[in-house]
Amino acid sequence: MNRKITIIGAGLVGSLWALLLRKKKFEVDVYEKRSDIRLDVENSGRSINLIVTSRGLHALEQAGLMSQALNLCVPVYGRMIHSVSGDLVYQPYGQANERNLSISRTSLNKFLMTEAEKAGARFHFEHTLESMNFHDKSMNFTNGQKVDYHLLFGTDGAGSLVRKNLIKAFPLDYSEKTEWLNADYKELFLPHPNSLDTKALHIWPRGSHMMMALANLDGSFTVTLYLPQKGPVSFESVRSDSEIQQLFSGQYADSLPLMPNFLNDFKKNPQGALGTVRFSNWIYQDSVCLMGDASHAIVPFFGQGMNSGFEDCTQLLEILNQKQTWFETLQTYNERQRPNANAIADMAIENWVEMSEKVADPQFLLRKKVESILEKKFPEIFKSRYGMVTYTLVPYQLVQKAGIVQNQILKELCHNLSSVENLSIENAEKLLKNIYTPFLNEHKIEFKMNGL
Ligand SMILES: Cc1cc2nc3c(=O)[nH]c(=O)nc-3n(C[C@H](O)[C@H](O)[C@H](O)COP(=O)(O)OP(=O)(O)OC[C@H]3O[C@@H](n4cnc5c(N)ncnc54)[C@H](O)[C@@H]3O)c2cc1C
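As the structure is a computational prediction, the values presented were derived from the model and not from experiment.

A. Region of the structure containing the overall build of the chain. Scanning the chain for helices and strands turns up 14 helices and 20 strands. Over its C-alpha atoms the chain spans a radius of gyration of 23 Å, differing by no more than 12% from the 22 Å that the globule rule assigns to 452 residues. Taking the principal axes of the C-alpha coordinates as reference, the chain spans close to 65 × 60 × 45 Å. Once local pairs closer than 6 in sequence are excluded, the contacts in the chain between residues at least 24 apart make up 71%.

B. Structural context of unusual backbone geometry. Across the junction of His192 and Pro193, the peptide omega takes the value 0°, indicating a cis bond. Along the chain, Pro193 falls in the loop between strand S14 (183-190) and strand S15 (200-205). Of note, the phi angle at Glu126 is positive, near 55°, even though the residue is not glycine. Summarising the element assignment, Glu126 is placed in the loop between strand S8 (122-124) and strand S9 (129-133).

C. Focus on the domain arrangement of the chain. Partitioning the chain into structural domains gives domain 1 (4-46 + 59-71 + 105-179 + 275-352), domain 2 (183-268) and domain 3 (361-442). A C-alpha centroid distance of 31 Å is found between domain 1 and domain 2.

D. Here's a closer look at helix H13 (residues 396-414). Over its 19 residues, H13 extends 26 Å from the first C-alpha to the last, a length consistent with the 27 Å expected when each residue adds 1.5 Å. Listing the buried residues of H13 in full gives Tyr396, Val399, Gln400, Ala402, Gly403, Gln406, Ile409, Leu410 and Leu413. Those residues of H13 hidden inside the fold are in contact with helix H10 (326-356), helix H11 (362-377), helix H12 (385-391) and helix H14 (425-442). A positive backbone phi angle near 60° is found at Asn416, which sits one or two residues after H13.

E. A look at the sheet that holds S9. Judged by pairing direction, the sheet is antiparallel, and its three strands sit side by side in the order S9-S10-S11 without closing on themselves. If you trace the sheet from one side to the other, it starts and ends with S9 and strand S11 (146-148), each paired once. Strand-to-strand twist across the sheet, computed as the mean angle between neighbouring axes with direction ignored, equals 25°.

F. Fine view of the nonpolar core. Membership of the largest hydrophobic core comes to 104 residues, with the highest contact counts inside it found for Leu16, Trp17, Ala18, Val162, Cys313 and Ile344. The element that contributes the greatest number of residues to this core is H10, accounting for nine residues. Of all hydrophobic cores here, the second largest spans seven residues; its members include Leu374, Ile409, Leu410 and Leu413.

G. Region of interest: the environment of Ala402. With respect to the element layout, Ala402 can be found in helix H13. Separated by eleven residues in sequence, Ala402 and Leu413 have C-alpha atoms that sit 17 Å apart. Once residues within four sequence positions are removed from consideration, Ala402 is found in contact with Arg385, Met388, Phe439 and Ile445.

H. Looking closely at the packing of H13 against H14. Interaxial distance between H13 and H14 falls to 10 Å at its minimum, and their mutual angle equals 165°. Taken together, the axis directions place H13 and H14 in an arrangement best described as roughly antiparallel. At the point where H13 passes H14, the crossing takes the right-handed sense. Where H13 approaches H14, its residues Ala402, Val405, Gln408, Ile409, Glu412 and Leu413 are matched on the opposing element by Asn427, Ala428, Leu431, Leu432, Ile435, Tyr436 and Phe439.

I. Structural detail: the site of the ligand. Residues in close proximity to the ligand total 34 residues, the closest being Gly9, Gly11, Gly157, Gly292 and Gly305. Elements represented by at least two residues in the shell around the ligand include exactly helix H1 (12-23), strand S3 (49-52), helix H8 (293-296) and helix H9 (305-322). Residues of the shell around the ligand, tallied by class, amount to 14 nonpolar, 14 polar and six charged.

J. Region of interest: the packing of H9 against H10. For the pair H9 and H10, the least separation of the axes is 10 Å and the interaxial angle reads 155°. It follows from the interaxial angle that H9 and H10 lie roughly antiparallel. In the packing of H9 onto H10, the handedness of the crossing is right-handed. When H9 is examined against H10, the residues Ser308, Asp312, Gln315, Leu316, Ile319 and Leu320 are found in contact with a partner set consisting of Thr329, Thr332, Tyr333, Arg336, Gln337, Ala341 and Ile344. When grouped by side-chain class, the residues that make up the contact of H9 with H10 number six nonpolar, five polar and two charged.

K. Local environment of the sheet that holds strand S7 (residues 100-104). Reading across the sheet, the three strands line up as S3-S7-S4 and stay open at both edges, with antiparallel pairing between neighbours. Looking at the sheet topology across the chains shown, the edges are occupied by S3 and strand S4 (74-76). Averaged over all adjacent pairs, the angle separating strand axes in this sheet is 35°, with direction ignored. The sheet contact formed by S4 and S7 spans three bridges and is antiparallel. Paired with Val74 across the strands is Ser102, a residue of S7. Helix-sheet contacts for helix H4 (residues 105-118) involve S3 and S7, and the interaxial angle to S7 is about 80°.

L. A look at the environment of Val84. Residue position: Val84 is located in the loop between strand S5 (78-82) and strand S6 (88-92). Given 14 C-beta atoms within a 10 Å radius, Val84 is considered partly exposed. Between the C-alpha atoms of Val84 and Arg338, which are 254 residues apart in sequence, the distance is 40 Å.

M. Region of the structure containing the pairing of strand S13 (residues 176-180). With zero of five residues buried, S13 is to be regarded as a mostly surface element. The pairing of S13 with strand S18 (residues 275-279) spans five bridges and is antiparallel. Within S18, the residue paired with Glu176 across the bridge is Phe279.

Conventions adopted
Residues numbered from 1 in each chain as written. Predicted model: local features only at pLDDT ≥ 70, side-chain atom pairs only at ≥ 80, totals over all residues. Helix = DSSP H or I, 4+ residues; strand = E, 2+ residues; numbered from the N terminus. Rg over C-alpha atoms; globule rule 2.2 N^0.38 Å. Contact = placed C-beta atoms within 7 Å. Domains from an automatic or database assignment. Expected span 1.5 Å × (residues − 1). Buried ≥ 20, exposed ≤ 12 C-beta atoms within 10 Å, placed from the backbone. Pairing = 2+ DSSP bridges. Axes fitted to C-alpha atoms, helices over the stretch in contact; angles between N-to-C directions. Core = buried A, V, L, I, M, F, W, Y, C linked by C-beta atoms within 7 Å. Parallel < 35°, antiparallel > 145°, perpendicular 65-115°, else oblique. Left-handed = near helix turned anticlockwise from the far one by under 90°. Near = placed C-beta within 6 Å. Nonpolar A, V, L, I, M, F, W, Y, C, P; charged D, E, K, R; others polar.

Below, the structure is given as C-alpha cells:
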C-alpha cells in the first residue's frame, strides 16, 4: 500500500484525516491555501459555532482526542424558541442524558492542526492548489510550485478545486449538482454578560427567516441570522441603518438590548451563501479521493456538515483496516458513503423548513411530544429521526428510511389528537410492533450510542 499521502486543505476534515493517517504511520503532507490560522491573533475568539454530535465525537475518540475536545465544548440540551413577542418555549433535544456540544470552528481547527502536526504531519501553508494533472500525478500551486503526489485526498471544502479539476479533466465521468438555498447567512455577536441560557440553542423562527444563537465558552453567544437574498424581508431589502433597525426591533426585539453592536456587525460581516453540493463520483482510480465538504457540502440545519465529514474519516479508516489495497479501500468508501451523504443532504434541507417555520407550529409541537413519549416508553425500539442522526451511528441512509416509516406511524397517532394526554399507548405499541420493529429487523438497525 502506498505510504505517501498528500492532503489538499487543512480545514476540519483535512486536519483530522492527517492525524488519523499519521497514527497509522503514513507519511502525510498537507497543503493549505490560508496562512497558519494559529498565528492569526486579530481574528481569534470570533467564529461560527458548530454542533458536534455522535459521529463527530466518534471520530474524535478514534483520534484519541475526546477528553481534550470536550474541554473546548459547551453542552447544549435543547432548543429555546423566542417568539416575536419575546415569549420563550423550551424543547429538550431528546431524553435527559442526551445533549449536543457547541464548539468554535476556529478553535477546533487549530486544535486538530496542532495535534496532527505533533503526530508528524507536515503542513505547507499559503499553498493554493490551481490545477492538477491526473495522468502524471502532479499538481500546480498559484505560487508557481509544481509538486508530485502518489495518493491525494481533496479536503478543500465546498468550492473544491480538486473536484473542479476532476470535472475539467473527465467531463463524461464526473459531474456536480449544486442547489443554492434561497437564504444567506450573516454572523452577529452577543457579548457576555447576558440573560440567555447557555445550555440551549436559541432560535427565533420567523417563517422565511430566522436567527440562531449558540454559546461560547466565555458565556458570550455567536448569533447567525438566516435571511432570503431577495424579497420583502431580505438581504436585498434590508440595507440602510433604519431598515436594519426596523427588522430587529420588529422581529428580534428581545435580542436587541443584548447585542449593542448588531448594526455594526450586520454592516461589516460578510453575507455567506448556503448550498448543497452533490458529486457523482468521489474517487479517481487509486490516486484521488474527496472527503468532507469537497465531496458533499450540505446546508447547516441538521448540524451535520462537519459531523458527516468526520464520519468520512472513520469510515475510510475502518475500510482501510479491512482491505489490502487503496483501490479496494477507495472503491468501497465511494460506494458506501455517497448514498449516506445524499440522505443527510436531503434531511438538512427539510430541517431548514422545520427550524424556520415548524418549531412554532402547535401541530408540530404536539407531534414532537408524541415522539418524546414513544422514545421514553419504547427506548429499545423507537428513537426519533433527529435522535438517530444526532445520537447514534446508524448510517444516514437508513435513518432517512426509518424517518419515512416513523412519519407514517406519527401521522396515524396524531390524527384527531387534540392533546398528548389522549394518546393511546396501546395503539402506539401495536403500530410500532407491526410496522416499525419489522423495519428495524430487516435493516439490522441497532442504536449504537456514542457515550454522549
Ligand atoms: C453557518 C454554518 C453553520 C454550520 N454549523 C454546523 C454544525 O453545527 N455542525 C456541523 O457538523 N457542521 C456545521 N457546518 C458545516 C461545517 O462548517 C463544514 O461542513 C465543515 O467546515 C467542512 O469541513 P471541511 O474540512 O470539509 O471543509 P472546510 O472547513 O471548508 O476546509 C477546507 C479547507 O481547504 C482550504 N482550501 C480551499 N481551497 C483550497 C485550495 N485551492 N488549495 C489549498 N487549500 C484550499 C480552505 O482554506 C480550508 O482550510 C456549518 C456551516 C455553516 C456555514
